[in-house]
Amino acid sequence: MTEKSPVKIAIRGLRKAFGVKVVLDGLDLDIAEGESVVVIGGSGTGKSVLLKCILGLLRPDRGSIRVDGEEMVGASSARREEVNRKFGMLFQGAALFDSLTVWENVAFGLMAGKGMDRARAREIALSKLVQVGLGGDVAAMHPAELSGGMQKRVALARAIATDPEIVFFDEPTTGLDPIMADVINTLIIETTRDVGATALSITHDMASARKIAHRIAMLHQGKIIWAGPVADITRSGDERVDQFIHGRADGPIQMAVRA
Amino acid sequence: MRALQLIGSVVLGFLESTGRLVLFAVAAIGHCFRPPIYWRSLGRQLVDIGYYSLPVVGLTAIFTGMVLALQSYTGFSRFSAESAIATVVVVSITRELGPVLAGLMVAGRIGASMAAEIGTMRVTEQLDALTTLSTNPMKYLVAPRLIAGFVMLPLLVLVADIIGVFGGYLVAVYKLGFNPSTYIQNTWEAFRFADLSSGLVKASAFGFIITLMGCYHGYTSRGGAQGVGAATTNAVVSASILILCFDYILTEMFFAR
């Protein structure tokens, strides 16, 4: 967004390999406070690995991840848990707890994470559900009874229930029809950009990226090959970015079709 | 050379997985003693392991006691030592069959469901979701299960012991025509508190083994439905084998002097 906002998340030289397969190879990325950054890239380029490294679900091999200036690589698990309170995360498959009801899912971070009492947490959960367009009738249902789009909304309500400073979105629109995808995009904007939260999304859906991002960064072969304001993406001057945003099979990025 | 290499890799693989299991167990036990404790999920596990295992364990126990009386009658009647039946039933149930059979049945019921549940949570990213909600999955999922297994198995075995001895009584009195009061008196004379308590200590160990195996294999499962299936099988098989193995070790510790 603006150059003046302080950096919320700073990633330097991040490297992560699984066996001999190097997924992230010296990745650098800055995310300013209140900014919405979307990382685009093909399937299997390590977008999810990047998110999981920031969240501490995966341990990077090398490099540095700073959240509000605090180094997270190698931090103690107690510190980690503390910093994770600033985060909210919308998982690709929603990842709702199927043994709990919808409102218990949304209220989970408030009750288990913050130790809030059930009645109060339920109130907040219901208001968050309203915020994502779900009424009180859904609250007592179990996640398995909901459609995919509704599960995504519940997962979004859960991600923002604790009013996190930073929200992560893992492929928020994958598997949804175009209309529902746009509904989710709008909700993402309302619940993050509009309240000043920082957002980091990964997606390969260009329509979604254009809509929710201030800034787009493209991940390819373990590095960010291009990053810039969303308006500049069509004149990046990088053939690989052009190929990706126009969705062409021919170009510098060769998918291993026959390998 | 090839053979040596193969032996080496098998041994290393075994040591590696044992080490991983021990680290998991140590971390899990640590979480059992450090707050916060999730009372709600502990309560749910106590009911699930204790109360809902009662039918399975009870049925196993009553038929075991009945068959024990019948089998020892065919053996002992040749030596006209029918009074020994009460002794055989009460000693073998309290020392061995109560804890081991209850343990194996609960391993099938609870170990499998824990591995499947936690394994599914792993592959659907629910464990990751817990972490992002500032909740340690070890503390929220594993610790309550371990505590519940450790506490509930002795209680289940106590019930199994009573039902098993009662099963022996039923067969002895109603089928073999023994005098009820003599049989009960023989049972009381043969009963020793040390036998019972050794069986209950075993039960606690088995409860820990069952829940640990269920949680460990679920927690470390990989690769979708197939991985969850494998985790379930591994949980039951490894728990059953460890139960029999530790049964021997504990018996050796209690009675071999």
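Preceding this section is the structure that the text describes.
Here is a short report on the structure shown in this document. These numbers were taken from a predicted model, which means no experiment stands behind them. (Residues numbered from 1 in each chain as written. Chains lettered and ligands numbered in written order. Predicted model: local features only at pLDDT ≥ 70, side-chain atom pairs only at ≥ 80, totals over all residues.)

## A few points about the sheet that holds strand β2 (residues 21-32) of chain A
Residues and elements named next belong to chain A. In plain terms, the rule: At least two DSSP bridges between two strands are needed for those strands to be called paired. Secondary structure elements follow DSSP: runs of H or I of four or more residues count as helices, runs of E of two or more count as strands, with numbering from the N terminus.
As summarised here, the arrangement of the 4 strands in space is β2-β1-β4-β5, forming an open sheet in which the pairing is antiparallel. Edge strands, defined here as strands with exactly one partner in the open sheet, are β2 and β5 (70-71). Sheet topology note: the strand β1 (residues 7-18)/strand β4 (residues 62-67) ladder contains 5 bridges and is antiparallel. Looking across to β4, one finds that Arg15 is bridged to Arg62.

## Focus: the nonpolar core
In plain terms, the rule: Under the definition applied here, buried Ala, Val, Leu, Ile, Met, Phe, Trp, Tyr and Cys residues are grouped into a nonpolar core through C-beta atoms within 7 Å. With C-beta atoms placed from the backbone, a residue is labelled by how many other C-beta atoms lie within 10 Å of its own: buried for 20 or more, exposed for 12 or fewer, partly exposed between the two. Two residues form a contact once the distance between their C-beta atoms, set from the backbone, is within 7 Å.
Counting 142 residues, the largest nonpolar core has Leu50(A), Val106(A), Ala107(A), Ala155(A), Phe168(A), Met218(A) and Ile209(B) as the members making the most contacts within it. Residue contacts for Met218(A): discarding those within four places in its chain leaves Ile40(A), Gly41(A), Ile224(A), Ile225(A), Trp226(A), Val241(A) and Phe244(A).

## Topic: the interface of chain A and chain B
Filter applied, for reference: When residues are grouped by polarity, Ala, Val, Leu, Ile, Met, Phe, Trp, Tyr, Cys and Pro land in nonpolar, Asp, Glu, Lys and Arg in charged, and all others, Gly among them, in polar.
Listed as interface residues are 15 residues of chain A and, on the opposing side, 11 residues of chain B. Elements with a contribution of two residues or more to the side of chain A that touches chain B: α2 (77-84), β6 (87-90) and α3 (102-113) of chain A. The element that contributes the greatest number of residues to the side of chain A that touches chain B is α3(A), accounting for 4 residues. Grouping the constituent residues of the side of chain A that touches chain B by class yields 9 nonpolar, 4 polar and 2 charged.

## Side note on helix α6 (residues 137-175) of chain B
Residue and element names in this part refer to chain B. Where we set the bar: The length a helix should cover is 1.5 Å for every residue beyond the first. Here the bend at each residue means the angle between axes fitted to two seven-residue stretches, the one ending at that residue and the one beginning there.
With 39 residues, α6 ought to run about 57 Å at 1.5 Å a step, and its terminal C-alpha atoms sit 53 Å apart, in line with that. The axis of α6 is deflected most strongly, by about 30 degrees, at Ala143, and proline Pro144 appears within four residues downstream. Across the 39 residues that make up α6, a large majority, 28, are buried. Gly177, located one to two residues past α6, shows a positive phi value of around 70 degrees.

## Side note on the pairing of strand β8 (residues 198-203) of chain A
All names here are of chain A. As a reminder, the rule being used: When the strands point away from the viewer and the path from the first strand over the helix to the second turns clockwise, the crossover is right-handed.
By the criterion of burial, β8 is predominantly enclosed, with 6 of the 6 residues buried. On β8, burial covers both faces: Thr198, Leu200 and Ile202 on one face and Ala199, Ser201 and Thr203 on the other are all buried. As paired elements, strand β3 (residues 36-40) and β8 share 5 bridges and run parallel to each other. By the bridge assignment, Val39 is partnered in β8 with Ile202. Bridge analysis of strand β7 (residues 166-170) against β8 gives 5 bridges, and the strand direction is parallel. In the strand pairing of β8, Asp170 is matched with Ile202. Between the parallel pair β7 and β8, the chain is carried across by helix α7 (residues 178-191), and the sense of this crossover is right-handed.

## Section: the environment of Leu170(B)
All names here are of chain B. For Leu170, the location among the structural elements is in helix α6. Taking the C-beta count within 10 Å as the criterion, Leu170 has 14 such neighbours and is therefore assigned partly exposed. As a C-alpha pair, Leu170 and Gln185 span 15 residues in sequence and 15 Å in three-dimensional space.

## Looking at the sheet that holds strand β9 (residues 215-220) of chain A
All names here are of chain A. Cut-off, in case you're wondering: Comment: axis = line fitted to C-alpha atoms, over the contacting stretch for helices; angle = value between 0 and 180 degrees taken between N-to-C directions.
Spatial strand order, β6-β7-β8-β3-β9-β10: 6 strands in an open sheet with mixed pairing. The open sheet terminates on both sides in strands that have one partner only, identified here as β6 and β10 (223-229). Ignoring which end each strand starts from, the neighbouring axes of this sheet average 15 degrees apart. Lying on the sheet, helix α1 (residues 47-55) is in contact with β3, β6, β7, β8 and β9; it crosses β7 at an angle near 150 degrees. Taken strand by strand, helix α9 (residues 239-246) contacts β3, β9 and β10, and its axis lies near 105 degrees from that of β9.

## Notes on unusual backbone geometry
Residues and elements named next belong to chain A. The backbone phi angle of Ala94 is positive, close to 70 degrees, even though this residue is not glycine. By the element assignment, Ala94 lies in the loop between β6 and α3. A positive phi angle is found at Glu171, which is not glycine, with a value near 45 degrees. Residue position: Glu171 is located in the loop between β7 and α7.

## Observations regarding the pairing of β7(A)
Two faces belong to every sheet, and in a regular strand the side chains alternate between them. Residue and element names in this part refer to chain A. A large share of β7 lies buried, amounting to 5 of its 5 residues. Burial along β7 is two-sided: the residues Ile166, Phe168 and Asp170 and Val167 and Phe169 are all buried. Relative to β7, β6 is paired through 4 bridges, and the arrangement is parallel. Across the sheet, residue Gly88 finds its bridge partner in β7, namely Val167.

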